[in-house]
Amino acid sequence: MQYTIAEIASALGLEAVGDDTLMVTGVAEPSDARADQLAMAMKPEYAEGLSQGRARAAMLWGEADWQALGLEAAILAPRPRFALSALSGMMDPGQGYSAGIHPMSVVDPSAKLGENVAVGPFAVIGADVEIGDGSVIGPQVHVGWGTTIGAGALLHAGAKIGARCTIGDRFIAHFNAVVGNDGFSFVTPEASGVEKARESLGDQGEVKGQPWARIASLGGVTIGDDVEVGACAAIDRGTVRDTRIGDGTKIDNQVQVGHNTVVGRHTLLCGQVGIAGSATIGDFVVLAGQVGISDNICVGDNVICGGATVVLSSIPAGRVMLGYPATKMDQTLESYKALRRLPRLAREVAELRKSVSKDAPNG
Amino acid sequence: MQYTIAEIASALGLEAVGDDTLMVTGVAEPSDARADQLAMAMKPEYAEGLSQGRARAAMLWGEADWQALGLEAAILAPRPRFALSALSGMMDPGQGYSAGIHPMSVVDPSAKLGENVAVGPFAVIGADVEIGDGSVIGPQVHVGWGTTIGAGALLHAGAKIGARCTIGDRFIAHFNAVVGNDGFSFVTPEASGVEKARESLGDQGEVKGQPWARIASLGGVTIGDDVEVGACAAIDRGTVRDTRIGDGTKIDNQVQVGHNTVVGRHTLLCGQVGIAGSATIGDFVVLAGQVGISDNICVGDNVICGGATVVLSSIPAGRVMLGYPATKMDQTLESYKALRRLPRLAREVAELRKSVSKDAPNG
Amino acid sequence: MQYTIAEIASALGLEAVGDDTLMVTGVAEPSDARADQLAMAMKPEYAEGLSQGRARAAMLWGEADWQALGLEAAILAPRPRFALSALSGMMDPGQGYSAGIHPMSVVDPSAKLGENVAVGPFAVIGADVEIGDGSVIGPQVHVGWGTTIGAGALLHAGAKIGARCTIGDRFIAHFNAVVGNDGFSFVTPEASGVEKARESLGDQGEVKGQPWARIASLGGVTIGDDVEVGACAAIDRGTVRDTRIGDGTKIDNQVQVGHNTVVGRHTLLCGQVGIAGSATIGDFVVLAGQVGISDNICVGDNVICGGATVVLSSIPAGRVMLGYPATKMDQTLESYKALRRLPRLAREVAELRKSVSKDAPNG
């Protein structure tokens, strides 16, 4: 993999300056860069490292003075992280999974694989599966009975896709990701303490233990195009209809999406987010790491929840939330600031009470 | 898979009305239902969808007027979710794992498999393992040395069961579930900062870094009958004795149960619950999603903890808890309401102080 | 596996008392111990169980009166948990993975395996991989292209190590652990609502959904010596340079370490800890279960965070923290105590306001 500065700049739609015939074979941080690597010095503070490294060319911020930095060539990026997206895609050597169907895989004769589909060692492709052109099924992957996956998929080693799921194009499942496991759905013969405590907000009534009966998951999972599912994430299948994930939604490691939940388009679910069953998450939502969403609630479009926000009730579109329980971020920050001062406030009130009772006409 | 309405009603012990010879091949939401599917319209608000779908029969709530809904037949369920349990079990096509011992599996010659045990491709059954009749060991599963699993187990693709575990009947392990990994147990040569901070509630004394020595996990995991372990969940083995999970307990995705912990019977651990080492969790407990339980504490029978509750000290039986740190749910909700008003309260106190100091005799 | 009391005491550098030629084959809790097992009665309260069990020898606390306990021999341990470390290592029968290269594994011809490396069934070793002497690669493990692992590694069943990672000696990866999956890094063409909300602490400006462009992960993961990674944990690869984990650091189940993050030496990350991208965690840090660390912040050396602490800003070295958001543990405990009394405080302030307005000269 090697490119001239001109080739990269042209692929990224950005301006190259200096000797754009210079060849690079990869990218590096400024202070680590070899002479054949493009240094990533996308903010002025990172440019200081250039003198320690040996890069002859760098990707720089929009207004950078590349010559003053001692470079022979540069690419100027007004929004550098966005430029890094296309650049990193060009430079990614990937996991090196081999082409073709590995002889030590099991592909059911009824499965329909598109053109140039790779199936790695110890992978299992079930009956009636369909996989689109150019997809790469990594080692030790399982694709269950009757599942359809679109073109250009990349299923990393150990990913497990359950039966009767429907997945769009360019799907990525990271190591040991899970899609289409059974939902966690149990019911007691009579109303349980949980049902009563939820109604009363805290009182479970007469305490009476009952064993749990299992509700099987008859639905599957439907996933749109351009979706990623992170390492050790788990997307439950639905109970009657499918759990659904919209186009362009990205799901990070160890995220849980409960049964029947509907997640919209272009939404980010960051690491360890947990969404309980039958929730509805809108489009363009961002849930930061460890956010928790209760079952059966609705999170509107464009909502942003900060790290570890605990969402116990529905959120209107466009809100920015934080805290346990979730409130508007600015209010939450104000409340937490006040909470830190609360012990002092309590002392002040105690003094006031003393002083008022003393001052009172009948004190 | 097809059943008459009469067959289903009889299996569920419920009343069939209308033409109970009608045949259905599956279930669907009312608005999506085909003519050969049983619509799930178990609340009046779901019944509205019946006119959009083509179902001729439905499962309805107890007092539903099935004829007014234009149906030819119906099953009336006074507690519909409970009825769904048996119904969904009848209708579940499952993952379609094949029968028999797959030629590309590795079963140690010393392992004892019961009658009609299936072992999927790329599964590994270790030495001295015993597996009960009718169990299904899915693809890419690992069952370690000396482990015993009862009858009727279903281990989904990628599940890993460590050595020397003892598991009851009808065990279900979901995709990539883990049972019997080593506990997380480390110790420093001299008392660590953590030990001191726990005693003093906040002061770690003289700060002095020490490397950690590993404590191996000599115990296993003992699991009762009718237990499920979710996708990517992890149940640590014990240090000296076994970690224990009681009969009928259900464990959701990405749950962690620490070493030596004892979980009772018929307890629900919902998604992403984390239980640290040597905790004791009672019978009929429900821990909602993301609940955290500290090590060495005791959660009594019938306790319910709402979503993301952080339990730092023991909880008596029967309590309904919420919050960080856990307090009784009704108190927690009152405190959080007051917290939202706290910035205003602080302003009021400031005004009072001003006004009182003005009014005071010597003000 | 059997040892005399003298052999164990000598290996542990501790004092044996009584008949130190007595032979034991394992350890047990006092009340469960067979006659050939060493009872673990390392606190006075555990010694009560000795009379129920049949142990003839025990490991006891430093000043224990072993003869009064009816034992024939004992090992006296002034710091018993530390003694348990070496003892449990001697007594651990392990998972029983077989030696040699299993015929149903796939080892790329270019891979260099050291002496006595075991590769289990259905494991995959990619091109240009190097694995040090005596390492055990368990069943169904994947080691990606160009990765180097030191001597004495133990990779449990289902662990997945991505391409181009560099791992030191004595590495342990538990069941289904993941190292070297792609980072979760996405960017919008124009500034996103998240970027604006972070700057303004709550205002995302004009709401405008944009699809996310993927940033590939060109870096790997560099891991020092004596590191463990827990079941279903995930360590992201870096974007340009490697994500780094220092010597002696221990990572528990279901922990997430984000891309570019640097974790120091001898640090403990307990179960379900989540560390977002580009964070820096110092040496000798202890993050208890479910702790969350925001991206791009710095946690100093010797910091301790209690269970489920949510860290939204950097923490100086040596601090002991708790709460959401993280504050010093003693302050947090005081604030939470005050929070529980807050509804009462609010009522007191309301009464004061009434009484003051009545008492005021113009009241």
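Residues numbered from 1 in each chain as written. Chains lettered and ligands numbered in written order. Predicted model: local features only at pLDDT ≥ 70, side-chain atom pairs only at ≥ 80, totals over all residues. Heavy atoms only, no water.

- Chain A is annotated in an unreviewed UniProt entry as UDP-3-O-acylglucosamine N-acyltransferase from Roseivivax sediminis.
- UniProt annotates chain A under Sequence similarities (unreviewed entry) with the comment "Belongs to the transferase hexapeptide repeat family. LpxD subfamily."
- Annotation of chain A in UniProt includes, under Subunit (unreviewed entry), the sentence "Homotrimer." (UniProt positions renumbered as here; feature names shortened; annotations may be inferred.)

### Comments concerning the overall build of chain A
- Along chain A, the regular secondary structure elements total six helices and 39 strands.
- For chain A, the C-alpha radius of gyration of 27 Å lies well beyond 21 Å, the compact-globule estimate for 363 residues.
- For chain A, the spread of C-alpha atoms along the principal axes amounts to about 90 × 65 × 30 Å.
- For chain A, buried positions account for 61% of its 363 residues.
- Taking as baseline every contact in chain A between residues at least 6 positions apart, the subset at least 24 positions apart corresponds to 20%. (Helix = DSSP H or I, 4+ residues; strand = E, 2+ residues; numbered from the N terminus. Rg over C-alpha atoms; globule rule 2.2 N^0.38 Å. Buried < 20%, exposed > 50% of the residue type's maximum accessible area, 1.4 Å probe, protein only. Contact = heavy atoms within 4.5 Å.)

### Concerning the relation of the copies chain C and chain B
- Expressed as a screw operation, the relation of chain C to chain B combines 0.0 Å of axial shift with a rotation of 120°, fitting to an RMSD of 0.0 Å. The transformation relating the two chain copies, once decomposed into turn and shift, fits a three-fold axis. (Least-squares fit on C-alpha atoms with pLDDT ≥ 70 in both.)

### Here's the deal with the interface of chain C and chain B
- At the interface, 78 residues of chain C touch 87 residues of chain B.
- Note on chain C versus chain B: buried area summed over both sides is about 6,100 Å², and carbon and sulfur give 66% of it.
- On the surface where chain C and chain B come into contact, there are five salt bridges.
- One salt bridge in this structure joins C:E228 and B:R214, with 2.4 Å as the shortest N-O distance.
- Between the two partners, chain C and chain B, sit 37 residue pairs in polar contact (both at pLDDT 80 or more).
- Mapped by element, the contributors of at least two residues to the side of chain C that touches chain B are strand 4 (26-28), helix 3 (80-91), strand 27 (250-251), strand 30 (268-269), strand 38 (320-322), helix 5 (329-340) and helix 6 (342-359) of chain C.
- Broken down by class, the residue content of the side of chain C that touches chain B amounts to 41 nonpolar, 24 polar and 13 charged. (Buried area = accessible area lost by both parts, 1.4 Å probe. Salt bridge = Lys/Arg side-chain N within 4 Å of Asp/Glu carboxyl O. Polar contact = N/O pair within 3.5 Å; in protein donor to acceptor, adjacent residues only side chain to side chain. Nonpolar A, V, L, I, M, F, W, Y, C, P; charged D, E, K, R; others polar.)

### Regarding the nonpolar core
- Judged by nonpolar contacts, the single largest core of 69 residues is most densely connected at A:L342, B:L342 and C:L342.
- When neighbours within four sequence positions are excluded, B:L342 is seen to be in contact with A:S335, A:A338, A:L339, A:L342, A:L345 and C:L342. (Core = buried A, V, L, I, M, F, W, Y, C linked by side-chain atoms within 4.5 Å.)

### Some thoughts on the sheet that holds strand 37 (residues 310-311) of chain C
All names here are of chain C.
- One open sheet accounts for ten strands, arranged 8-11-14-17-20-25-28-31-34-37; its pairing is parallel. A strand with exactly one partner marks an edge of an open sheet, and here the two such strands are strand 8 (106-107) and strand 37.
- Pairing of strand 31 (residues 274-275) with strand 34 (residues 292-293), which is carried by two bridges, proceeds in the parallel orientation. Bridge pairing in strand 34 places G274 opposite G292. (Pairing = 2+ DSSP bridges.)

### A look at the relation of the copies chain C and chain A
- Overlay of chain C on chain A (RMSD 0.0 Å): rotation 120°, translation along the axis 0.0 Å.
- A share of only 20% of interface residues in chain C that are also interface residues in chain A marks the association as one of differing surfaces.

### A word on the pairing of strand 5 (residues 37-41) of chain A
All names here are of chain A.
- With five of its five residues buried, strand 5 lies for the most part within the structure.
- Residue alternation in strand 5 divides its side chains into two sets, Q37, A39 and A41 and L38 and M40, and both sets are buried.
- Sheet topology places strand 4 (residues 26-28) next to strand 5; three bridges connect them, and they run parallel. Its bridge partner lying in strand 5, G26 is registered against Q37.
- Relative to strand 6 (residues 57-61), strand 5 runs parallel, the two sharing four bridges. Bridging from a neighbouring strand, A39 pairs with A58 of strand 6.

### Concerning the pairing of strand 7 (residues 73-77) of chain C
Residue and element names in this part refer to chain C.
- Burial within strand 7 is extensive, with five of its five residues counted as buried.
- Here strand 7 shows a buried face lined by A73, I75 and A77 and a second buried face lined by A74 and L76.
- Inspection of the sheet shows strand 2 (residues 15-18) paired to strand 7 by four bridges, in the antiparallel sense. Paired with G18 across the bridge in strand 7 is A73.

### Observations regarding the pattern of salt bridges
- Taken as a whole and judged by the stated rule, the model has 39 salt bridges over all chains.
- Here A:R344 makes a salt bridge to A:E348, at a shortest N to O gap of 3.9 Å. Residue A:R344 and its partner A:E348 are both found in helix 6 (residues 342-359); the two are separated by four residues, about one turn of the helix.
- One salt bridge connects B:E334 with C:R347, and the closest N-O pair in it is separated by 3.6 Å. Taken together, the positions of B:E334 in helix 5 (residues 329-340) and C:R347 in helix 6 put the pair across two chains.
- Look at the salt bridges and you will find they share partners, linking A:D182, A:R214 and B:E228 into a network.

### Description of the packing of aromatic side chains
- Per the counting criterion, the structure on display carries nine aromatic pairs over all chains.
- When the ring of A:F184 is compared with that of A:F186, the centres are 5.0 Å apart and the planes differ by 75°; the resulting orientation is edge-to-face. Neither residue differs from the other here; A:F184 and A:F186 are each classed as buried.
- Between B:F122 and C:F122 the ring centres are 5.4 Å apart and the planes differ by 70°, which places this aromatic pair in the edge-to-face class. Here C:F122 lies in the loop between strand 10 (118-119) and strand 11 (124-125) and B:F122 lies in the loop between strand 10 (118-119) and strand 11 (124-125), a pairing that spans two chains.
- Of note, B:R164 hangs over the ring of B:W145, and the distance from its end group to the ring centre comes to 5.3 Å. (Phe/Tyr/Trp six-rings, centres within 6.5 Å; stacked < 30°, edge-to-face > 60°. Lys NZ or Arg CZ within 6 Å of the ring centre and 35° of its normal.)

### Quick word on the interface of chain C and chain A
- In this assembly, 87 residues from chain C lie in contact with 77 residues from chain A.
- Of the roughly 6,100 Å² buried between chain C and chain A, counting both surfaces, carbon and sulfur atoms make up 66%.
- For the pair chain C and chain A, the interface holds five salt bridges.
- Connecting chain C to chain A are 37 residue pairs in polar contact (both at pLDDT 80 or more).
- Within the residue set of the side of chain C that touches chain A, elements represented by two or more residues are strand 20 (178-181), strand 21 (186-187), helix 4 (193-200), strand 22 (213-214), strand 25 (234-236), helix 5 and helix 6 of chain C.
- Of all the elements, helix 6 of chain C adds the most residues to the side of chain C that touches chain A, at nine residues.

### Here's the deal with the environment of A:I223
Residues and elements named next belong to chain A.
- Mapped onto the elements, I223 comes out in strand 23 (residues 221-223).
- Sequence separation of I223 and D242 is 19 residues, and the distance between their C-alpha atoms is 9.5 Å.
- Beyond its immediate stretch of four places on either side in the chain, I223 contacts T166, I167, G168, F171, V179 and I245.

### Considering unusual backbone geometry
Residue and element names in this part refer to chain A.
- Here the bond from Y324 into P325 is cis, since omega is -5°, no more than 30 degrees from zero.
- Turning to its location among the elements, P325 is positioned in the loop between strand 38 (320-322) and strand 39 (327-328).
- Here D226, not a glycine, exhibits a phi torsion of approximately 60°, which is positive.
- Mapped onto the secondary structure, D226 falls in the loop between strand 23 and strand 24 (228-229).
- Under the relative-accessibility criterion, D226 is labelled partly exposed at 29%.

### Considerations on the state of the cysteines
- In this structure the tally under the stated criterion is zero disulfides over all chains.
- Just so you know, B:C232 is unpaired, no disulfide at all, and the nearest cysteine sulfur is the one on C:C232, 4.7 Å from it.
- The structure places no disulfide on C:C305, whose sulfur is separated from the nearest cysteine sulfur, that of C:C270, by 11 Å.
- Residue classification places C:C305 among the buried positions, given a relative accessible area of 1%. (Disulfide = S-S within 2.5 Å.)

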